[in-house]
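Coordinates in review
The primary structure of each chain is shown beneath.
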Amino acid sequence: MARILRDLSYRYQCLYDTIARLTALSVGDQARLGQRRWENLTVSAETKVLDLCCGSGQTTQFHVQYSQDVTGLDASPFSL
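None of these values were measured; they are calculated from a predicted model.

Let us now look at the overall build of the chain. Broken down by element type, the chain carries four helices and two strands. Counted from the first residue to the last, the chain has its helices and strands arranged as α-α-α-β-α-β. Within the span of the chain, comprising 80 residues, buried residues form 28% of the whole. Within the chain, contacts between residues at least 6 apart in sequence are counted, and of these 36% link residues at least 24 apart. Here the chain displays about 5600 Å² of accessible surface, and carbon together with sulfur accounts for 56% of that area.

This is how it looks when you write it as structure tokens:
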């Protein structure tokens, strides 16, 4: 089942985004998920950040609040 959803989500951006939003519900919402990653880190504006599996950037938008050097990568060419 997971493989089917992964393959479909790579082709249909709206499905990818929906799965990402549902996953973020486990910690509250996407804003909380994005902020939670930074809670115990010391990061400056020069810190290089790599966001793997970034999708269309739902949580990447929170990374740029902490660093000016953020790179997002995803396997789905439709996401980027």
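Turning our attention to a nonpolar patch on the surface. Side chains of Leu-50, Leu-52 and Leu-73 sit close together on the surface and give an oily, nonpolar patch of about 290 Å² of accessible area. Tracing the backbone shows Leu-50 in strand β1 (residues 48–52).

Moving on, we get to the state of the cysteines. Throughout the structure, instances matching the rule amount to zero disulfides. Of the cysteine sulfurs around Cys-53, a residue in no disulfide, the closest is that of Cys-54, at 8.1 Å. According to the relative accessible area criterion, Cys-54 is buried, its value standing at 7%.

The next point concerns unusual backbone geometry. With a phi angle near 60°, Cys-53 is a residue other than glycine that sits in the positive phi range. Among the secondary structure elements, Cys-53 is positioned in the loop between β1 and α4 (60–63).

The next thing to look at is the environment of Ser-79. Within the fold, Ser-79 resides in the segment after β2 (69–73). In this structure, Ser-79 is in contact with Gln-13, Tyr-16, Gly-55, Ser-56 and Asp-74, ignoring residues within four places of it in sequence.

Turning our attention to the side chain of Asp-51. The topology assignment puts Asp-51 in strand β1. Residue classification places Asp-51 among the buried positions, given a relative accessible area of 5%. For Asp-51, the side chain forms a polar contact with the side chain of Thr-60, separated by 2.5 Å. Among the polar contacts made by the side chain of Asp-51, one reaches the side chain of His-63 at a distance of 3.4 Å.

The next point concerns the environment of Cys-14. In this fold, Cys-14 is placed in helix α2 (residues 13–24). For Cys-14, a relative accessible area of 57% gives the class exposed. Put simply, Cys-14 and Ser-79 are 65 residues apart on the chain and 9.5 Å apart in space, counted from C-alpha to C-alpha.

Parameters and conventions
- Residues numbered from 1 in each chain as written.
- Predicted model: local features only at pLDDT ≥ 70, side-chain atom pairs only at ≥ 80, totals over all residues.
- Heavy atoms only, no water.
- Helix = DSSP H or I, 4+ residues; strand = E, 2+ residues; numbered from the N terminus.
- Buried < 20%, exposed > 50% of the residue type's maximum accessible area, 1.4 Å probe, protein only.
- Contact = heavy atoms within 4.5 Å.
- Areas by Shrake-Rupley, 256 points an atom, 1.4 Å probe, with all protein chains shown as cover.
- Patch = residues over 30% accessible without salt bridge, like charges linked within 9 Å, V, L, I, M, F, W, Y side chains within 5 Å.
- Salt bridge = Lys/Arg side-chain N within 4 Å of Asp/Glu carboxyl O.
- Disulfide = S-S within 2.5 Å.
- Polar contact = N/O pair within 3.5 Å; in protein donor to acceptor, adjacent residues only side chain to side chain.

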